[in-house]
Amino acid sequence: MEAPAARHSQAETELTVTSPRQMGELGRRLATLLRAGDLVMLSGELGAGKTTLTRGLGEGLGVRGAVTSPTFVIARVHPSLGDGPPLVHVDAYRLGGGLDEMEDLDLDVSLPESVVVVEWGEGKVEELTEDRLAVRIHRAVGDTTDEVRHVTLTGLGARWAGADLGALSV
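In this text, all values refer to a predicted model and were calculated from it rather than measured experimentally. (Residues numbered from 1 in each chain as written. Predicted model: local features only at pLDDT ≥ 70, side-chain atom pairs only at ≥ 80, totals over all residues. Heavy atoms only, no water.)

Novice: If you had to explain the packing of helix H1 (residues 20–31) against helix H2 (residues 50–61) to someone new, which residues and values would you point to?
Specialist: At a minimum axis distance of 7 Å, the contact between H1 and H2 shows a crossing angle of 45°. In terms of orientation, H1 and H2 fall into the oblique class. In terms of crossing hand, the pair formed by H1 and H2 is right-handed. Facing H1, whose interface residues are Pro20, Met23, Gly24, Leu26, Gly27, Arg28, Leu30 and Ala31, H2 presents Thr52, Leu53, Gly56, Leu57, Glu59, Gly60 and Leu61. Classifying every residue of the contact of H1 with H2 by side-chain character gives eight nonpolar, five polar and two charged. (Axes fitted to C-alpha atoms, helices over the stretch in contact; angles between N-to-C directions. Helix = DSSP H or I, 4+ residues; strand = E, 2+ residues; numbered from the N terminus. Parallel < 35°, antiparallel > 145°, perpendicular 65-115°, else oblique. Left-handed = near helix turned anticlockwise from the far one by under 90°. Contact = heavy atoms within 4.5 Å. Nonpolar A, V, L, I, M, F, W, Y, C, P; charged D, E, K, R; others polar.)

Here you go:
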């Protein structure tokens, strides 16, 4: 597979992804950097590729169950098939408030032993931890069949200070 083009600094990496297959591969590569206790916040327009990226994460983490959009159930837990952490996949699209509205999901309880991925989490889950990975996926909007996505990964907090996010472009 041809590697996505990248521009990166220590705390941030920008990638260009040209197909859903590449988005899934990015998720598989990202999974190699993740560990229990990591919070990943995904943002982007509808159809940007957030669930496709998460599906790749699930494959890379080796979790059970098909990773699909949890829009109507809000959250799904995918247990590990090995000795890695489970994946908690949350879709906060239909949730309007901040962390208070998300308390019923017990993400603060799940976070220490899981990798928690929250789609549409901006303004809703930042209070869970200072250490998080923000992934913003940009795509052309409107009536287009353009598969190109521009992905910006930003590591926040001490957990991500020494992480080599640039390695994801290889």
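Next, the rest of the story.
Novice: Kindly report on the nonpolar core, identifying the contributing residues and their values.
Specialist: Counting 27 residues, the largest nonpolar core has Leu26, Leu133, Val135, Val151 and Leu153 as the members making the most contacts within it. Those elements that provide at least two residues to this core are strand S2 (12–17), H1, strand S3 (39–44), H2, strand S6 (115–119), strand S7 (132–139) and strand S8 (149–156). Apart from the residues within four sequence positions on either side, Leu133 is in contact with Leu30, Leu39, Val40, Met41, Leu153, Thr154, Gly155, Trp160 and Leu165. (Core = buried A, V, L, I, M, F, W, Y, C linked by side-chain atoms within 4.5 Å. Buried < 20%, exposed > 50% of the residue type's maximum accessible area, 1.4 Å probe, protein only.)

Novice: Explain H1 residue by residue, including any values.
Specialist: Taking 1.5 Å per residue, 12 residues should reach 16 Å; H1 reaches 17 Å between its end C-alpha atoms and fits that length. Taken together, the buried positions of H1 are Gln22, Met23, Gly24, Leu26, Gly27, Arg29, Leu30 and Ala31. (Expected span 1.5 Å × (residues − 1).)

Novice: A description of the pattern of salt bridges should follow, citing residues and the corresponding values.
Specialist: Enumeration according to the criterion identifies five salt bridges in this entry. As a salt-bridge pair, Arg28 and Glu59 come within 2.5 Å of each other at their nearest N and O atoms. Remark: Glu59 occurs in helix H2 and Arg28 occurs in helix H1; sequence separation between them is 31 residues. Assessed through its relative accessible area of 28%, Arg28 is described here as partly exposed. (Salt bridge = Lys/Arg side-chain N within 4 Å of Asp/Glu carboxyl O.)

Novice: An account of the pairing of S6 is needed here, citing residue identities and associated values.
Specialist: S6 sits mainly inside the fold: five of its five residues count as buried. Alternating residues of S6 divide into Val115, Val117 and Glu119 and Val116 and Val118, and every residue in both groups is buried. Examined bridge by bridge, S3 and S6 share four bridges and lie parallel to one another. Bridge pairing links Met41 to Val118 in S6. The pairing of strand S5 (residues 87–91) with S6 spans five bridges and is parallel. Bridge pairing links Val90 to Val118 in S6. (Pairing = 2+ DSSP bridges.)

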